[in-house]
Amino acid sequence: MTEDPPFSPALLPAGFVDLLTPDARTEAEGVTTLMGVFASHGYNRVRPPLMEFEETLLAGSGAALAEQSFRVMDPDSRRMMVLRPDITPQIARMAATRLSGLPRPLRLSYAGPCVVVMPAAAEESGRQIMQAGIELIGPDVPEADAEVVTVAAQALERLGVPGVSFDLTMPPFVPALLEEAGIAPSARQALLRALDRKDAAAVAELGGALSETLIALLRAAGPAAQAVSLLNQITLPPKARAILQRLIDAVEAVHAQRPDLRLTVDPVEFRGWKYHTGVCVTVFAVGRAEELGRGGRYLCNDNEPACGLTFRPDVLFRMIPAAQPLPCVYLMPGADSATAASLRAKGYATLAALPAANGQHTDHSAEAVRLGCSHVLAGATCTELA
Ligand SMILES: N[C@@H](Cc1c[nH]c[nH+]1)C(=O)O
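The shown structure was predicted, so the numbers you read here are calculated from the model rather than taken from an experiment.

Cut-off values and rules
Residues numbered from 1 in each chain as written. Predicted model: local features only at pLDDT ≥ 70, side-chain atom pairs only at ≥ 80, totals over all residues. Heavy atoms only, no water. Helix = DSSP H or I, 4+ residues; strand = E, 2+ residues; numbered from the N terminus. Buried < 20%, exposed > 50% of the residue type's maximum accessible area, 1.4 Å probe, protein only. Contact = heavy atoms within 4.5 Å. Areas by Shrake-Rupley, 256 points an atom, 1.4 Å probe, with all protein chains shown as cover. Lys, Arg positive; Asp, Glu negative; His and termini not counted. Charge placed at Lys NZ, Arg CZ, Asp CG, Glu CD. Pairing = 2+ DSSP bridges. Patch = residues over 30% accessible without salt bridge, like charges linked within 9 Å, V, L, I, M, F, W, Y side chains within 5 Å. Salt bridge = Lys/Arg side-chain N within 4 Å of Asp/Glu carboxyl O. UniProt positions renumbered as here; feature names shortened; annotations may be inferred. Polar contact = N/O pair within 3.5 Å; in protein donor to acceptor, adjacent residues only side chain to side chain. Expected span 1.5 Å × (residues − 1). Phe/Tyr/Trp six-rings, centres within 6.5 Å; stacked < 30°, edge-to-face > 60°. Lys NZ or Arg CZ within 6 Å of the ring centre and 35° of its normal.

J.: Hey, could you run me through the overall build of the chain in this one?
T.: Scanning the chain for helices and strands turns up 13 helices and 16 strands. C-alpha extents for the chain along the principal axes are approximately 90 × 60 × 50 Å. Buried positions account for 46% of the 386 residues belonging to the chain. Sequence separation of 24 or more characterises 66% of the internal contacts of the chain that already satisfy a separation of 6 or more. When the accessible surface of the chain is summed, it comes to about 19,400 Å², and 57% of that surface belongs to carbon and sulfur atoms. A distance of 3 Å separates the average location of the 33 positive side-chain charges in the chain from that of its 42 negative side-chain charges.

J.: I keep staring at the pairing of strand β5 (residues 106-115) and nothing clicks. Help me out?
T.: Counting buried positions along β5 yields eight of 10 residues, so the element is predominantly enclosed. Note that strand β1 (residues 44-45) and β5 share two bridges and pair parallel. By the bridge assignment, Arg45 is partnered in β5 with Ser109. Sheet analysis places β5 next to strand β6 (residues 128-137), joined by 10 bridges and oriented antiparallel. Across the sheet, Cys114 pairs through a bridge with Ile129, a residue of β6.

J.: Sorry, what's going on with a nonpolar patch on the surface here?
T.: Together, Leu50, Met51 and Val72 make up an exposed nonpolar region whose accessible area comes to about 210 Å². Take Leu50: its relative accessible area is 43%, and that puts it in the partly exposed class.

J.: Would you mind showing me how to read the UniProt feature "binding site: L-histidine" (unreviewed entry) in the chain here?
T.: Within this numbering scheme, the UniProt entry marks Asp86, Ile87, Thr88, Gln131, Glu135 and Arg271 as carrying the feature "binding site: L-histidine" (unreviewed entry). Along the chain, Asp86 turns up in the loop between β4 (80-83) and α3 (88-96). Each residue touching Asp86, except ones within four places of it in the same chain, is listed here: Leu65, Cys114, Gln131, Trp273 and Tyr275. One polar contact links Asp86 to Gln131, side chain to side chain, over a distance of 2.9 Å. Residue placement: Glu135 occurs in strand β6.

J.: What should I look at first to understand helix α4 (residues 142-159) in this one?
T.: Three or four residues apart is the spacing at which side chains of an α-helix point the same way, because the helix has 3.6 residues per turn. Under the 1.5 Å per step criterion, the end-to-end length of α4 is 26 Å for 18 residues, consistent within 8% with the ideal 26 Å. A large share of α4 lies buried, amounting to 14 of its 18 residues. Two residues or fewer after α4 comes Gly160, characterised by a positive phi angle close to 85°.

J.: Can you walk me through the side chain of Arg84 in this structure?
T.: Mapped onto the secondary structure, Arg84 falls in the loop between β4 and α3. No salt bridge is formed by the buried Arg84; its nearest oppositely charged neighbour, Glu52, is found at 7.0 Å. When near neighbours in sequence (up to four residues on either side) are disregarded, Arg84 contacts Pro48, Pro49, Leu50, Leu57, Gln90, Gly112, Pro113, Cys114 and Val115.

J.: I tried to follow the packing of aromatic side chains on my own but got confused; where do I start?
T.: Any two aromatic rings considered together are summarised by their centre-to-centre distance and by the angle between their planes. Taken as a whole and judged by the stated rule, the model has two aromatic pairs. A centroid spacing of 6.5 Å and a plane angle of 5° characterise the contact between Phe38 and Phe311, whose relative ring orientation is stacked. Within this pair, whereas Phe38 is found in helix α1 (residues 23-40), its partner Phe311 is found in strand β12 (residues 304-311), the two being separated by 273 residues in sequence. Of the two residues, Phe38 and Phe311, both sit in the buried class. Ring centres 6.0 Å apart and planes at 70° place the aromatic pair Tyr275 and Tyr298 in the edge-to-face group. A residue pair is termed long-range when its members are at least 10 positions apart, and Tyr275 in the loop between β9 (263-266) and β10 (280-285) and Tyr298 in strand β11 (residues 291-300) qualify at 23 residues. Lying across the ring of Phe317, Arg318 places its NZ or CZ 5.7 Å from the centre.

J.: Where do I start with the pairing of β9 in this structure?
T.: If a strand is regular, its side chains alternate between the two faces of the sheet. Across four bridges, strand β7 (residues 164-169) lies against β9 in parallel orientation. Across the sheet, the residue bridging to Phe166 is Leu263, located in β9. The sheet contact formed by strand β8 (residues 222-223) and β9 spans two bridges and is antiparallel. Within β9, the residue paired with Pro223 across the bridge is Thr264.

Following this line, the structure appears as structure tokens:
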């Protein structure tokens, strides 16, 4: 006979974790820093809800979220609700509805938790992820794409994340090229998969008349300046060339604002949600597999152009110095409350003495040491513990 193992009260569902101190604080303070940088560039904070009705969140471009969405039945209305796996489609919904009357360009920022069904393989954070990002709604110009990248770069600098690189891609480019070049729809899927795997041999085999062009595109991926010069030499049909040109223009707009940024270009790469319609960006830290954030261009309500970038504070906090605990002052019984308040204003945490539950005598000096306090406040006098 088999017996179930005893149920541990610490057991959590797969992919959900408790975040302890200092990690929880490092993440929260990191989010505050990011939001401060976003606000300083005119991005106003909004807070969409954690759950929405399935038929609104997963409609239109939100359909791309369906596989990653936890669904919950509302016991009250009996309607199906979805836990958001991504905040961007919520911002798009707000821009198209409640905020449709606000002047454009509309700059919005947001931060909050999301839940995904399957986290990416390289991710340690599990199924509850954190997002903090910006969306720039209205203008469809390379300078807007560049603004999002440069604001993001500045936010990472403020956080102290070292060795960051931005990889720019154009997801609609290859599908448009395959169509324009007349590749049969039945052959496209296999070819897209081969390109995704960067499998030059399979691309050569499946690419037909387009093989040489596709291999040249695969080889062009790399540091931005070199990639752009290789891409300019490739002969492409007009529609595909126009789409690729938009990627090149975005690279040049970023470069004009921040020539020092580490930029790479990959014309055949596709990652992320399937709602992106234009230039996309993924943010990496050198030597790490996890993405720090990603973004791209999309349409709000299928018609208004927008672009944005979402950071993953749960990934970022593992790359920045841990938040330091506040120095603690133990407040002896009867300690002066005004002095305690001024200590808190100076950045100390004050730990109030509490009477022992059984009415026994408490050795407060020993208690101050046991609780890790560096100072003791007796009356209005604060002394440092040896
Ligand atoms: N929210 C998207 C990225 C994005 C922001 N804006 C546009 N796209 C993601 O996490 O993949």
